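# Structure at a glance
For reference, the chains in residue letters:
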Amino acid sequence: MPEVTVDPLTRIEGLGRIRLEVEDGALKDLKFQIMVAPRFYEYLLTGKPVEEAPRISQRICGICYTSHHLVSVKAIEDAWGVEPPETAVLLRRAMNAGGFVTSHSLHNAFLALPDLVDLPANARNFVALLGKYPDLGKIAVKIHAYGNKVVEATGGRVVHVVTSVPGGQTSGLSEQRRDELVEEGASTRGTCPTASSTRGWRPTSWASSTGWTTTSTTAIAGSSPATGRSWLGSDPTTT
Amino acid sequence: MVKLLLAGLAGDSGCQVAMLALHETLLDIISANELVFAPTLIDAKEIPEGVDVAIVEGGIRDDHEEHIIREIREKSGVLIALGACACFGGIPGLANLRCGDDLMNMVYADHKGTIKGTIPRHLEITAEQRALHQYVKVDFIIPGCPPEVTDIAHVITSLLSGQAPQLSRTQVCDDCPRERLGEYSTVLKRIHEEVPDPDRCLLEQGFLCVGPATRGGCGAPCPKAGNICEGCRGPCEEVSDQGLAMMDALTALSSQIADDFTLQRYTGMFHRFSYADSKISRLARRDK
């Protein structure tokens, strides 16, 4: 029975491999193994002062760390029956949004996008993407950098933050910095690809070679052509 | 053109994300050189011979990772340990108070949150989380959790231009703008118990900031953002054990602090990132 092993899986966070068995041209079995060693956070958090949880648990993942940081703090506040002040909640939401932007732009641009655009199979990576579609690559970097700025302004630093403690935030955000971020956010959004500018990098050849349709891509790229807004700027509640 | 390798072991990929924050500088480095193996960025499956500079994030926690780091070392001219896990074991080193097999049972079978757990058998866990240099020779370290973008750029660009990189020899306090008056709180405080004075040294106010025992050069972003230094950059240049240096500083400061002082409770606070590579863990290992 033919067997195919992909080891290591690439353009993912962490280490992994898959092994698949093929019989009569059909997939018979597929095994996926996570090769990152357990790091035993369940144990190493046990017995620690509770305010260590937001510090330690975010080290589970260097991509979605803001989520781990904020969830830890919320869990403590729930356990204690503590309500953080409104300003702290708003700062945390901004931090979460910044984390969302960095995490998703990183995944999209550096990990997934090379598969979705028209690149040869032996060069599906961000460097090749940047070579063929430099504008797209630069926009991706710009979005990622903007998310980082929001996280840094609200979390104190990037890739692991320090500001959320049980009951509130340890630092605020000046009006000036807030306004700068709002302004930069609007201009970053303005540079995002629109339905017409993305036509050049639709995965036509890849999609046709695998029998997939481009429906989903069309939906993303053209979600709001009538309004002329970029797809990233479209409000999910109204579409 | 230099052949570059970028790999992640027992860590959280945060160092590689921090590298991405170099943005244009990173793109310049990658396009001016040749990235030959980097599972997070490119699809190469084999570690090629003749790597010039290998940058490795994460510590060693299983036989698979031990195998990878030995192979990388064998095939690389220069090996850089990137981040606290690779340099000192990092946060996962805090699990070293128990041995690997116990931990597997505890987390995958006996843990409160586990229902009908199965212990994964495809990995052979090592007894402890270790730093890279505990297995192979490491040429340069870029400490921090995450490492500072400026340090990453400095080390890589220095090496590429044939110069030896220099890490900061200061302590975090040297970068910290908070004022020290030499007057200390007689009680220890937890960060949520009191809003600290924004202009005064956190340690003087009774918050356990590990800045005095931690390598500077980061610009002290955490005390600037109102929280303690967690110690992610490991011991200062002239300090061999970060936690012991911190305990030494504390006991010298005030005997009153020692009232509520037990090593077990505070191990993680002084050695958050460097326990696996600490003198204390070596003593504990000898006792096992």
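If you're wondering where the values come from, they're calculated on a predicted model, not measured in any experiment.

## Topic: the pattern of salt bridges
- Counted according to the given criterion, the structure contains 25 salt bridges over all chains.
- Put simply, Glu71(B) and Lys75(B) hold a salt bridge, and the shortest N to O gap is 2.8 Å. On the criterion of helical spacing, the pair formed by Glu71(B) and Lys75(B) is a turn pair, its members being four residues apart in helix α3 (residues 63–75).
- The partly exposed category is assigned to Glu71(B), whose relative accessible area is 21%.
- Taking relative accessible area as the criterion, Lys75(B) reaches 15% and is therefore assigned buried.
- Between Asp139(B) and Lys137(B) there is a salt bridge, with its nearest N and O atoms 2.6 Å apart.
- We classify Lys137(B) as exposed; its relative accessible area is 56%.
- Here the salt bridges share partners, and the residues they tie into one network are Arg11(A), Asp115(A) and Asp43(B).

## Comments concerning the sheet that holds strand β3 (residues 26–34) of chain A
All names here are of chain A.
- One open sheet holds the three strands; their spatial order is β1-β2-β3, and the pairing between them is antiparallel. Looking along the sheet, the strands with just one partner apiece sit at the ends: β1 (3–6) and β3. Going from strand to strand, the sheet's axes swing by 15° on average, the running direction of each strand aside.
- As defined by bridge partners, strand β2 (residues 16–23) adjoins β3 across eight bridges and the pair is classed as antiparallel.

## Focus: the confidence of the model for chain B
- Per-chain confidence: chain B averages 89 in pLDDT, with 94% of residues scoring 70 or above.
- Confidence metrics for the complex model read pTM 0.87 and ipTM 0.92.

## Some details on the nonpolar core
- Of all hydrophobic cores here, the largest spans 62 residues; its most connected members are Leu5(B), Ile69(B), Ile72(B) and Leu132(B).
- Viewed by domain, this core spans two of them, domain 1 (3–97 + 121–160) and domain 2 (172–287) of chain B, each represented by three or more residues.
- Filtering out sequence-adjacent residues up to four positions away, Ile72(B) remains in contact with Leu5(B), Ala7(B), Ile47(B), Ala54(B), Val56(B) and Leu79(B).
- Leu119(A), Ile55(B), Ile80(B) and Val155(B) belong to the second largest nonpolar core, which has 49 residues in total.

Parameters at a glance
- Residues numbered from 1 in each chain as written.
- Chains lettered and ligands numbered in written order.
- Predicted model: local features only at pLDDT ≥ 70, side-chain atom pairs only at ≥ 80, totals over all residues.
- Heavy atoms only, no water.
- Salt bridge = Lys/Arg side-chain N within 4 Å of Asp/Glu carboxyl O.
- Helix = DSSP H or I, 4+ residues; strand = E, 2+ residues; numbered from the N terminus.
- Buried < 20%, exposed > 50% of the residue type's maximum accessible area, 1.4 Å probe, protein only.
- Pairing = 2+ DSSP bridges.
- Axes fitted to C-alpha atoms, helices over the stretch in contact; angles between N-to-C directions.
- pLDDT = per-residue confidence, 0-100.
- Core = buried A, V, L, I, M, F, W, Y, C linked by side-chain atoms within 4.5 Å.
- Domains from an automatic or database assignment.
- Contact = heavy atoms within 4.5 Å.

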